[in-house]
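# Structural characterization, general
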Amino acid sequence: MTTEFIDKKETIYDFYDRIDVECPDCGAHAIVRNTTDKSWMFSPRRFSCTSCGKHKEWKESGLGAVTDSDPYFGYKLWFLANSCGHTLFALNEKHLDFLHSYVEATHRKRPRKENDEMIRNGTLASRFPAWMKSAKNRDDVLRSIEKLKQNKGSANKAVLTTPEAAPPTS
Ligand SMILES: [Zn+2]
């Protein structure tokens, strides 16, 4: 069976409206959310943690790069995993689903007959790192994504901690 992925020109910014992070104070699952109706990367953001009540507003114009932390406050992303020796991250569940459909696909299509070469080359799908595109890594990467999907809402550490490194339970 072949699975097809069609590049709908998503960019990383399409996933910025809601970002799942780890609360820097209590380590619980928390959210950085766009507080306006306008889906724009520079719209004001609010961080809120329902576990400890911490909240913070973002109204600046400087954005950080997405690595393993969110671009607004620099808090650690919730959906993080080690996969094939690399860091796999997703901003939210929608982004996880996007990654899943890309990695799972055996056929990947880019939009054709379009003049907007700039946008085409800037889409998320066109910038996938080689290790995630590699067919030999497909199963491992998919497993990591599945694991993250299943672990939504539970402690991030449970995802990242390997059995050997787990602290002894008392
Ligand atoms: Zn908290």
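Here's a quick rundown of the structure.

## Looking at the nonpolar core
In terms of nonpolar packing, the biggest core is built from 25 residues, with Val 21, Leu 77, Phe 79 and Ala 90 touching the most fellow members. With four residues, helix H1 (residues 93-104) is the largest single contributor of residues to this core. Those residues in contact with Ala 90 that sit more than four places away from it in its chain are Phe 79, His 95, Leu 96, Leu 99 and Leu 148.

## Quick notes on unusual backbone geometry
Its identity as a non-glycine residue notwithstanding, Lys 9 has a phi of 65 degrees, on the positive side. Position of Lys 9 relative to the elements: it lies in the loop between strand S1 (4-6) and strand S2 (18-22). The backbone of Cys 84 shows a phi angle near 55 degrees, a positive value even though the residue is not glycine. Locating Cys 84 in the fold gives a position in the loop between strand S6 (79-83) and strand S7 (86-90). A tally of 13 C-beta atoms within 10 Å means that Cys 84 is categorised as partly exposed.

Rules used throughout
Residues numbered from 1 in each chain as written. Predicted model: local features only at pLDDT ≥ 70, side-chain atom pairs only at ≥ 80, totals over all residues. Core = buried A, V, L, I, M, F, W, Y, C linked by C-beta atoms within 7 Å. Buried ≥ 20, exposed ≤ 12 C-beta atoms within 10 Å, placed from the backbone. Helix = DSSP H or I, 4+ residues; strand = E, 2+ residues; numbered from the N terminus. Contact = placed C-beta atoms within 7 Å.

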